[in-house]
Amino acid sequence: MTSVDELVAVVDRLLDPEHGCVWNREQTHASLARYAVEETYELVDAIDGDDTDELREELGDVLYQVVLHAGIAAHEGRFDLDDVADTVREKMQRRHPHVFGDEEAHTVEDVVRVWRAAKAAEKAGRSSVYAGVPRAMPPLERAVKLFERLEERGELHAAVASVTDGSVVEQAGGSDAGDAGATTQQPFGSRVDVAWGAGMLAEVAVVHEQGVDPVASLRAAVALLETAARQAEQALAGQEPEALAGQEPEAQTQQGEEKRASS
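From a predicted model like this one, the values you see are computed outputs, not experimental measurements. (Residues numbered from 1 in each chain as written. Predicted model: local features only at pLDDT ≥ 70, side-chain atom pairs only at ≥ 80, totals over all residues. Heavy atoms only, no water.)

Novice: I keep staring at the packing of helix H5 (residues 81-95) against helix H7 (residues 108-122) and nothing clicks. Help me out?
Specialist: To describe two helices that pack against each other, one gives the angle between their axes and the distance between the axes. Put simply, H5 and H7 touch, their axes get as near as 8 Å, and they point 125° apart. Here H5 lies oblique to H7, going by the angle between them. Packed against H5, whose contacting residues are Lys91, Met92, Arg94 and Arg95, the element H7 presents Val114, Trp115, Ala118, Lys119 and Glu122 at the interface. Split into classes, the residues belonging to the contact of H5 with H7 amount to 4 nonpolar, no polar and 5 charged. (Axes fitted to C-alpha atoms, helices over the stretch in contact; angles between N-to-C directions. Helix = DSSP H or I, 4+ residues; strand = E, 2+ residues; numbered from the N terminus. Parallel < 35°, antiparallel > 145°, perpendicular 65-115°, else oblique. Contact = heavy atoms within 4.5 Å. Nonpolar A, V, L, I, M, F, W, Y, C, P; charged D, E, K, R; others polar.)

Right under this line is the structure:
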C-alpha cells in the first residue's frame, strides 16, 4: 500500500456512515470549496517563504482536499480518485503531443502554441473562449487571465478601451454593477466605484503588456506592507511598559496612531 492509498483509506473511514466522523459525513463539494481555496493560499505562502517543511505540509493539505472531494464523489457513486487521476493524466498526454505524439516543439513559445491548440480542440464545444475563466477567481488574477485570452485574439486594447469609456455597458444594455461612472452602496458604508475599477483595469493592462506580473508584484508590495505594519506594532509594544504606563486608554490609542503615522 502506498502512502496515497493509505490516505484514501483514512478518508474512506472518515466518510464511513457508521464509524466515520460526523463532520466529514455532512460535508459537500460546496461546503468544502472555501477550504480548497484557503489551503491553496497557504501553499502559495509556503512557496513564497521557500520553506521546504511548510511546502511539504501544505502540498499534503491540498492533496487531502482532492482526496476528500473524490471520496465524497465515490460515496455518491459518481467517480473516485483513480478517475480523477486518469482524467488529468489523459489531459496532460493530449496537451503534450510533442512529448507523447509526433508534434514538434523546440522552444517555450512552441510548447505554448501546441498547448493552446490542443486545449482549443478539447474545448471546441464551448460557446465562448472566455467561458473557462472562473468567475470565482480574485479580480486581479481573473483580469490577467482575460487579458491573455484577449491577447491571443488581438482584442485586448479594444476591450479595455470599451470598459474605460463605458461603451461596453451601453452595448450590453446596462450592467449588474451599474453605469460605468456610477457608485453603488455596499454594507458597512463601503462603495463600489466602477469608474475607479475601470481605471485600475487599464493600468493593469498596461503593465501586463510591459511584461510585469501584476499579481506577483502586488503580492510582493502587500508583503512589504505587512512587514511595515509588524515593525510599527513591535515598536509600539516595545515602549508600552514605560512610555504608556499610567496613561488613559484614549491617550494610549492616540500615541499609537501617531507612532504608526510617522512610521
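Novice: Looking at this structure, how should I read the packing of helix H9 (residues 156-164) against helix H11 (residues 194-209)?
Specialist: As a packed pair, H9 and H11 sit with axes 9 Å apart at the nearest point and diverge in direction by 160°. Taken as axis vectors, H9 and H11 run roughly antiparallel relative to one another. Our pair here, H9 against H11, has a crossing hand that is left-handed. Contact residues: H9 offers Leu156, His157, Val160, Val163 and Thr164, while H11 offers Ala198, Leu201, Ala202, Ala205 and Glu209. (Left-handed = near helix turned anticlockwise from the far one by under 90°.)

Novice: How should I be thinking about the nonpolar core in this particular structure?
Specialist: In globular proteins that are soluble, nonpolar side chains generally tend to be buried together. Counting residues in hydrophobic clusters, the biggest one holds 7 residues: Ala143, Phe147, Leu150, Leu156, Val160, Val204 and Ala205. If one sorts the elements of this core by residue count, helix H8 (residues 139-152) sits on top with 3 residues. Formed by 6 residues, the second largest nonpolar core is a distinct cluster that contains Val11, Val67, Leu68 and Ile72. (Core = buried A, V, L, I, M, F, W, Y, C linked by side-chain atoms within 4.5 Å. Buried < 20%, exposed > 50% of the residue type's maximum accessible area, 1.4 Å probe, protein only.)

Novice: When you look at H8 in this model, what are you seeing that I'm missing?
Specialist: Note that an α-helix has 3.6 residues per turn; residues three or four places apart therefore point the same way. The end-to-end C-alpha separation of H8 is 20 Å, in line with the 20 Å expected for 14 residues at 1.5 Å each. Where H8 terminates, the next one or two residues include Gly154, which has phi positive at roughly 70°. (Expected span 1.5 Å × (residues − 1).)

Novice: How should I be thinking about the environment of Arg153 in this particular structure?
Specialist: As for its placement among the helices and strands, Arg153 is situated in the loop between H8 and H9. Given the relative accessible area of 46%, Arg153 is considered partly exposed. It is 9.8 Å that separates the C-alpha atoms of Arg153 and Val129, two residues lying 24 residues apart in sequence. In this structure, Arg153 is in contact with Val129 and Tyr130, ignoring residues within four places of it in sequence.

Novice: Help me out: how do you make sense of the pattern of salt bridges in this one?
Specialist: Pairing between side chains of opposite charge can happen when the charged atoms of each approach one another. The full count for this structure, using the stated rule, is 13 salt bridges. Ionic pairing is found between Glu103 and Arg113, a salt bridge with its closest N-O pair at 4.0 Å. Taken together, the residues span a long stretch of sequence, with Glu103 in the loop between helix H6 (97-100) and H7 and Arg113 in helix H7 at a distance of 10 residues. The class of Glu103 is partly exposed, set by a relative accessible area of 37%. With a relative accessible area of 43%, Arg113 lands in the partly exposed category. With a closest N to O distance of 3.0 Å, Arg230 and Glu226 form a salt bridge. Taken together, the positions of Arg230 and Glu226, both in helix H12 (residues 214-243) and 4 residues apart, correspond to about one turn of that helix. Arg230 sits in the partly exposed class, given a relative accessible area of 47%. Residues joined by salt bridges that share partners form a network here, namely Asp86, Arg89 and Glu90. (Salt bridge = Lys/Arg side-chain N within 4 Å of Asp/Glu carboxyl O.)

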